[in-house]
Amino acid sequence: QVQLVESGGGLVQPGGSLSVSCAASGISFSTYAMSWYRQAPGKQRELVAMVTTSEITNYTDSVKGRFTISRDKSKNTVTLQMNSLKPEDTAVYYCNARHWLITARDYWGQGTQVTVSS
């Protein structure tokens, strides 16, 4: 059974930092690209950051220079470090795992709320 369990969301003031993590189980972690998506109220879910099986990272323009995605293959975790947070970063953040070859093997976590507000 595949499980992606997010943790670390919460409330932070503008300009602050927060880290969200995702623990994966039931998959061969090293064969999956790991991503963070987010969905704000009334908006579509968007890709925030991705790290491939080869540790190549990619970010949406609005978070470049502020967010860092990393994976730990020894712990089967992926972490999104978020700095200089803005109110527009407020959203539910979702962890995603997608097999590098068999894209139908696509799994989601339950989401964790990140709220940036003073």
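For the structure, check the block above.
Residues numbered from 1 in each chain as written. Predicted model: local features only at pLDDT ≥ 70, side-chain atom pairs only at ≥ 80, totals over all residues. Heavy atoms only, no water.

**Focus: the sheet that holds strand 8 (residues 77-82)**
Cut-off, in case you're wondering: Any two strands between which DSSP finds at least two bridges are classified as paired. The way it works is that DSSP assigns letters per residue, a run of H or I at least four long becomes a helix, a run of E at least two long becomes a strand, and they are numbered from the N terminus. Axis lines are fitted through C-alpha atoms, for helices just across the contact stretch, and the angle between N-to-C directions can take any value from 0 to 180 degrees.
In spatial order, the strands read 1-3-8-7; together these four strands make up an open sheet with antiparallel pairing. In the strand order of this sheet, the two ends are held by strand 1 (3-7) and strand 7 (67-72), each with one partner. Ignoring which end each strand starts from, the neighbouring axes of this sheet average 15 degrees apart. Direction of pairing for strand 7 relative to strand 8: antiparallel, over a ladder of six bridges.

**Structural notes on the nonpolar core**
For the record, the criterion: To define a nonpolar core, start from buried Ala, Val, Leu, Ile, Met, Phe, Trp, Tyr and Cys residues and group those joined through side-chain atoms within 4.5 Å. Residue exposure (1.4 Å probe, protein chains only): buried if accessible area is under 20% of the type maximum, exposed if over 50%, otherwise partly exposed. The contact criterion used throughout is that any non-hydrogen atoms of two residues lie within 4.5 Å.
Grouped together as the largest cluster of nonpolar side chains are 29 residues, with contacts concentrated most on M34, W36, L80, M82 and Y93. Contributions of two or more residues to this core are made by strand 3 (18-25), strand 4 (32-39), strand 5 (46-51), strand 7, strand 8, strand 9 (91-99) and strand 11 (112-116). Setting aside residues up to four positions removed in sequence, M82 forms contacts with G16, S17, L18, V20, R66, F67, Y93 and V114.

**Considering the packing of aromatic side chains**
How we decide: Any two of the Phe, Tyr and Trp rings considered here, Trp counted by its six-membered ring, make a pair once their centres fall within 6.5 Å; the pair's planes then place it as stacked at under 30 degrees, edge-to-face at over 60, or tilted in between. Over a ring means this: the NZ of a Lys or the CZ of an Arg is within 6 Å of the ring centre and within 35 degrees of the ring normal.
Inspection of every chain in the model, using the stated rule, returns two aromatic pairs. Residues Y32 and Y107 carry aromatic rings whose centres are separated by 6.1 Å and whose planes lie at 40 degrees to one another, so their mutual orientation is tilted. Note that Y32 is positioned in strand 4 and Y107 in strand 10 (residues 106-108), a separation of 75 residues in sequence. Residue classification places Y32 among the buried residues on the basis of a relative accessible area of 4%. Exposure remark for Y107: the relative accessible area of 26% places this residue in the partly exposed category. A cation over an aromatic ring shows up here: R45 above the ring of Y94, its NZ or CZ 3.7 Å from the ring centre.

**Points about the environment of K73**
Within the secondary structure, K73 is located in the loop between strand 7 and strand 8. For K73, a relative accessible area of 38% corresponds to the partly exposed category. For the pair K73 and T53, spaced 20 residues apart in the sequence, the C-alpha separation amounts to 9.7 Å. If we skip the residues at most four places from it in the chain, K73 touches F29, S30, T53 and E55.

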